[in-house]
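# An overview of the molecular structure
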Amino acid sequence: MYADENTRLNDVITSKTNEYESKMDDLQTMLADKDKLNKALTDSCNELKIKAEDMKKAVEQAVALQSDLDKLQKEYDKLVHEQTELEKQLQQEQTAHEKVLEQQREQSQIALDKAVLEVERKYQEQLQKLKEKHQAEIDKYQQKYLTLLEQLSSHTDTEE
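The following paragraphs examine the structure supplied in this document. (Residues numbered from 1 in each chain as written. Predicted model: local features only at pLDDT ≥ 70, side-chain atom pairs only at ≥ 80, totals over all residues. Heavy atoms only, no water.)

## Some points on the overall build of the protein
Secondary structure summary: the protein contains 1 helix and 0 strands in total. Computed over the C-alpha atoms, the radius of gyration of the protein is 66 Å, more than 25% above the 15 Å expected from 2.2 N^0.38 for a compact globule of 160 residues. With respect to the three principal axes, the spread of C-alpha positions in the protein is 225 × 30 × 10 Å. Residues classed as buried in the protein amount to 0% of the 160 residues present. (Helix = DSSP H or I, 4+ residues; strand = E, 2+ residues; numbered from the N terminus. Rg over C-alpha atoms; globule rule 2.2 N^0.38 Å. Buried < 20%, exposed > 50% of the residue type's maximum accessible area, 1.4 Å probe, protein only.)

Here is the structure:
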């Protein structure tokens, strides 16, 4: 009876030992799986930390680039404004230059017209002097002609 009890207890101990070992194996497997999972999660976390650091650097770089872009935009706007002002100034100077040229053309034309009028006046004076001189000669010759005609006429009357 003790032997049966002993066999039964040995069977129970063996069964419990087997159950315990099986449970231990299961727990060891679960622990190994958890270790693998923890390692995978740690690796993933490390990768995410690296990515987060890279993204942080990228954001810092983007902020710096945005700042540079803002500076360049302000400089561009300033240059565009300066160009506009210079174009306005150039237009004003061109307009003023055109006015000066027009005034100079008008003054040149006036001076030319004045010079032409002066030359015409001088020629008219010379022509008038020549006319008067020649008219005096013509009058003198006409007088001589008339005198000769009268003489001829009186000479013809006396001969008749």
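## Concerning a nonpolar patch on the surface
A grouping of Tyr20, Met24, Leu27 and Met30 is seen on the molecular surface, where their side chains present a nonpolar patch of about 390 Å² in accessible area. For leucine 27, the location among the structural elements is in helix α1 (residues 2–159). A residue is classified by how much of its surface remains accessible, and leucine 27, at 45% relative accessible area, is partly exposed. (Patch = residues over 30% accessible without salt bridge, like charges linked within 9 Å, V, L, I, M, F, W, Y side chains within 5 Å. Areas by Shrake-Rupley, 256 points an atom, 1.4 Å probe, with all protein chains shown as cover. Salt bridge = Lys/Arg side-chain N within 4 Å of Asp/Glu carboxyl O.)

## A few points about the pattern of salt bridges
Tallied over the full model, the rule gives 6 salt bridges. The salt bridge involving lysine 88 is made with glutamate 85; its shortest N-O contact spans 3.8 Å. You can see lysine 88 and its partner glutamate 85 sitting in helix α1, 3 residues apart, about one turn around the helix. Judged by its relative accessible area of 46%, lysine 88 falls in the partly exposed class. One salt bridge in this structure joins glutamate 102 and arginine 105, with 3.1 Å as the shortest N-O distance. Placement of the pair is glutamate 102 and arginine 105 together in helix α1, with a separation of 3 residues, close to one helical turn. Taking the relative accessible area as the measure of exposure, glutamate 102 reaches 36% and is therefore partly exposed.

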